[in-house]
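Summary of structural features
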Amino acid sequence: MTQLHPETYREAARKAIGDPVLQKALAGLQARFGRGAAEAYRRLPEGPHLRHTAHEIRERAVAHLDVLLERLAEKIRQNGGHVFFASDATDAVEYCIKVARRHGVRRVVKGKSMVTEEIDLNEKLAAAGIDAVETDLGEYIIQLAGEKPSHIIAPAIHKTRYDIAELFVKNMGIPYTTDPPALTRAARKALREEFLAADMGISGVNMACAETGHITTVSNEGNIRMATTLPRIHMAFMGMERIVGRLDEYEILLRLLCRGAAAQTMATYVSYTAGPRRPEDSDGPEAFHLVVIDNGRSRILADPRFREILYCIRCAACLNVCPVYGKIGGHAYGFAYSGPIGAVVTPLLTGINRARHLCQGETLCGACMEACPVAIDLPRMLLALRETLAYGDAFWKTTPANPLEGLAFKVWSRLTANRRTWECFLKAAALGQRLFPKKGNRLRRLPPPFHGWTRKRDFPSLAPETFLARWRKNEIEVAKDIP
Ligand code: SF4
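Attention here is on the structure that accompanies the text. Note that the coordinates shown come from a computational prediction; the quantities given were computed from them, not determined experimentally. (Residues numbered from 1 in each chain as written. Predicted model: local features only at pLDDT ≥ 70, side-chain atom pairs only at ≥ 80, totals over all residues.)

1. Description of helix 3 (residues 50-63)
Under the convention used in this document: Strands here mean DSSP runs of E at least two residues long; helices mean DSSP runs of H or I at least four residues long; both are numbered from the N terminus. Here a helix's expected span is defined as the number of its residues, less one, multiplied by 1.5 Å. In this scheme the burial state of a residue depends on its C-beta neighbours within 10 Å: 20 or more other such atoms mean buried, 12 or fewer mean exposed, and anything in between means partly exposed; the C-beta positions come from the backbone. Working definition: the arc comes from the directions between the helix axis and the C-beta atoms, pointing outward to the latter. For the purpose of contact definition, each residue receives a C-beta atom placed from its backbone, and two residues are in contact when these atoms lie within 7 Å.
Look at helix 3: 20 Å from first C-alpha to last across 14 residues, which is about the 20 Å you get at 1.5 Å a residue. Among the residues making up helix 3, those that are buried are Leu50, Arg51, Ala54, Ile57, Arg58, Ala61 and Val62. Burial along helix 3 is one-sided: seen end-on, the buried residues are contained in an arc of 125°. Turned more than 90 degrees from where helix 3 packs its buried face, His52 and Ala63 sit exposed. Close packing links the buried residues of helix 3 with helix 2 (20-42), helix 4 (65-78), strand 8 (243-244), helix 12 (247-262) and helix 13 (297-301).

Rendered as structure tokens:
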């Protein structure tokens, strides 16, 4: 469920920071995957610079989305598949339910797909009387717990094996065990029956290729391959930006995706699908449907300030290095996407005012950009979002979050634009700060509206004399000493 509210965010963040088990899990995740990805980029035969090549590939693809998507659709239709362009979540869900009803589908197995989380597909299928079972182990666990993923590729990172043991005892009736291989075997057994009983398999799309007309899914568990080949129908959902033009570009992105996501050279299972089963094939679905989802992406595409976010390949590398995600975890973000990618894309998809706390909560440290396999400038877009919140923005129908903020920045820019005014301001501020409690050279408390800063930390006090004033004085002294 979408829970986008500044207070919910703060509350969830507070709770996460106070949870020692979660803190340990997040630290472990970041130590393993965050550092691992950087090392994996260094080991690339072409060197880490390949990330910039990937950036250019994504830039080209996003600039030609209309042509590429038509080419992909044409090829899939030639192969006997169906392609549906959904303008929003409702459109996509209705199409899925319509196809399911036409084919008498009662049970669905799903491979992990963030775009189906974005459109709340499971809940809507359940309301239509169709059971959808997640088959990725992490997703399966959180589905049993009635929760949402807390990480893009490690959705159950917040669960311990003790939590999982209790869930499995309650839901599967197995004897209590906390042994990970035993728990995995139990899940595998339960899921095997689901795969065999399902009428429809639903997957996401890691990447589509216009040149060849196929989609690719990657996984390390093999579950997506089973979900997409065993049931009679396969329906794949993709955000409309997840496409590239040529196969050689595709290969570069897949290599970077696996390195960014899990520091792997390549995922264990990489499946290519271009349509339903052909007469000569031994397995595969009788029908194949591809649902291409817009759901706000066209609006992003139309704005050059934010178009770059459509280059994202949802690898989660930015989550694995983000100091904010590393403390508050994924649930605090209140939507399908968490971490730096969530802080940028969620406000753009759901409303900048509504999700303003996400872009305001990030530190702008830049670690996400360094970790991103396609070198997306997330900090720039976080700042651009904050700008729309400071001044308002007609295109995004954003109203200023605080009317005083825009004014304050205008005054600040006047102050800093003129040296004389700036120096006068510094002198006055250096005198004025004497009114506030101090410890050493740090202020303990600032007055409103700056008091938020000193609620949890001190503020460095201004030096009694500016650097320039000291420099000038020094020059005079030196001049005096010159004979
Ligand atoms: S912004 Fe970059 S690092 Fe983050 S999920 Fe997208 S591609 Fe991966």
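From this point on, the discussion continues.
2. Considering the pairing of strand 7 (residues 233-239)
Spelled out, the test is: Two strands qualify as a pair provided DSSP detects at least 2 bridges between them.
When you tally the buried positions in strand 7, you get seven out of seven residues, the bulk of the element. Neither face of strand 7 is left uncovered, since the one carrying Ile233, Met235, Phe237 and Gly239 and the one carrying His234, Ala236 and Met238 both have all their residues buried. Direction of pairing for strand 4 (residues 200-203) relative to strand 7: parallel, over a ladder of four bridges. Bridge pairing links Met200 to Ile233 in strand 7. Judged from the seven bridges that link them, strand 7 and strand 10 (residues 287-293) form a sheet pairing that is parallel. Each bridged residue has a counterpart across the sheet, and for Ala236 the counterpart in strand 10 is Leu290.

3. Focus: the nonpolar core
The line we're drawing: Think of a nonpolar core as buried Ala, Val, Leu, Ile, Met, Phe, Trp, Tyr and Cys residues, each tied to the set through C-beta atoms within 7 Å.
Membership of the largest hydrophobic core comes to 118 residues, with the highest contact counts inside it found for Met238, Ile293, Ile309, Cys318 and Val344. Per-element accounting of this core gives the leading share, eight residues, to helix 2. Those residues within four positions of Cys318 in sequence are excluded, and the remaining contacts are Gly339, Pro340, Ile341, Cys368, Ala371, Cys372 and Leu378. Ranked by size, the runner-up nonpolar core spans 12 residues in total, among them Tyr140, Ile142, Phe168 and Leu191.

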